[in-house]
Amino acid sequence: QVQLVESGGGLVQAGGSLRLSCAASGSIFSINGMGWYRQAPGKQRELVARISGGGTTNYGDSVKGRFTISRNNAKNTVYLQMNSLKPEDTAVYYCKIDILRPLGSVDYWGQGTQVTVSS
């Protein structure tokens, strides 16, 4: 099985920074992509950032220029550097990895970490 452990969430003032980490362990053959999603109360989960197996990155429009996703393949870890945080960034942040299996790709989700940005 595969487990994802997230860390780095917390409380920060507007304009501050946080760095989230998500480390995957278990029966990993190949990670196709890694990403971060967030969900605020009463809202649907939305894409924050994604990095493909080839290193191509995508960001949600609301975080472009402020957040940076990166990956350490040797450690099966994905990071999200969040700068210039705004109160509207407050949400539970989830990491996701796509792992290639014989019958196709399988998604795995982290447990979520709370990010709260105060004004």
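Here the structure is shown first, and the text comes after it.
So, here's what we can say about the structure. (Residues numbered from 1 in each chain as written. Predicted model: local features only at pLDDT ≥ 70, side-chain atom pairs only at ≥ 80, totals over all residues. Heavy atoms only, no water.)

## As for the layout of surface pockets
Part 1: Space inside the largest pocket adds up to approximately 180 Å³.
Part 2: Forming the boundary of the largest pocket are Arg-38, Ala-40, Lys-43, Gln-44, Glu-46, Ser-62, Arg-66, Lys-86, Glu-88, Asp-89, Thr-90 and Ala-91.
Part 3: Of the residues assigned to the lining of the largest pocket, the class counts are two nonpolar, three polar and seven charged. (1 Å grid on protein atoms, 1.4 Å probe; cavity = no way out; pocket = protein on both sides within 12 Å on 5 of 7 lines; lining within 4 Å. Points joined across faces, edges and corners; volume = space filled by probe spheres on them. Nonpolar A, V, L, I, M, F, W, Y, C, P; charged D, E, K, R; others polar.)

## Some thoughts on the nonpolar core
Part 1: The biggest cluster of nonpolar side chains holds 27 residues, and the ones touching the most others in it are Trp-36, Leu-80, Met-82 and Tyr-93.
Part 2: Of all the secondary-structure elements, those providing two or more residues to this core are β1 (2-7), β3 (18-26), β4 (31-39), β5 (46-52), β7 (67-72), β8 (77-82), β9 (91-101) and β11 (113-118).
Part 3: In terms of residue count, β9 provides more of this core than any other element does, five residues in total. (Core = buried A, V, L, I, M, F, W, Y, C linked by side-chain atoms within 4.5 Å. Buried < 20%, exposed > 50% of the residue type's maximum accessible area, 1.4 Å probe, protein only. Helix = DSSP H or I, 4+ residues; strand = E, 2+ residues; numbered from the N terminus.)

## Some words on the sheet that holds β1
Part 1: The sheet built from four strands is open, its strands ordered β1-β3-β8-β7 with antiparallel pairing. Of all the strands in the sheet, just β1 and β7 have a single pairing partner and so form its edges. Within the sheet, the average angular offset between the axes of one strand and its neighbour, ignoring direction, is 15 degrees.
Part 2: Relative to β3, β1 runs antiparallel, the two being bridged by six bridges. Paired with Gln-3 across the bridge in β3 is Ser-25. (Pairing = 2+ DSSP bridges. Axes fitted to C-alpha atoms, helices over the stretch in contact; angles between N-to-C directions.)

## Observations regarding the side chain of Ser-52
Part 1: Relative to the assigned elements, Ser-52 resides in strand β5.
Part 2: A relative accessible area of 17% places Ser-52 in the buried class.
Part 3: Once residues lying within four places of it in the same chain are set aside, the contact partners of Ser-52 are Asn-32, Gly-33 and Arg-71. (Contact = heavy atoms within 4.5 Å.)

## As for the environment of Leu-20
Part 1: Tracing the backbone shows Leu-20 in strand β3.
Part 2: Assessed through its relative accessible area of 0%, Leu-20 is described here as buried.
Part 3: In this structure the C-alpha to C-alpha distance between Leu-20 and Met-82, which are 62 residues apart in sequence, comes to 7.9 Å.
Part 4: With sequence-adjacent residues up to four places away left out, Leu-20 is seen in contact with Ser-7, Gly-8, Gly-9, Trp-36, Val-78, Tyr-79, Leu-80, Met-82, Tyr-93, Thr-113 and Val-115.

## A word on the pattern of salt bridges
Part 1: Summed over all chains, the structure comprises six salt bridges.
Part 2: A single salt-bridge network, built from bridges that share partners, covers Arg-38, Glu-46, Arg-66 and Asp-89. (Salt bridge = Lys/Arg side-chain N within 4 Å of Asp/Glu carboxyl O.)

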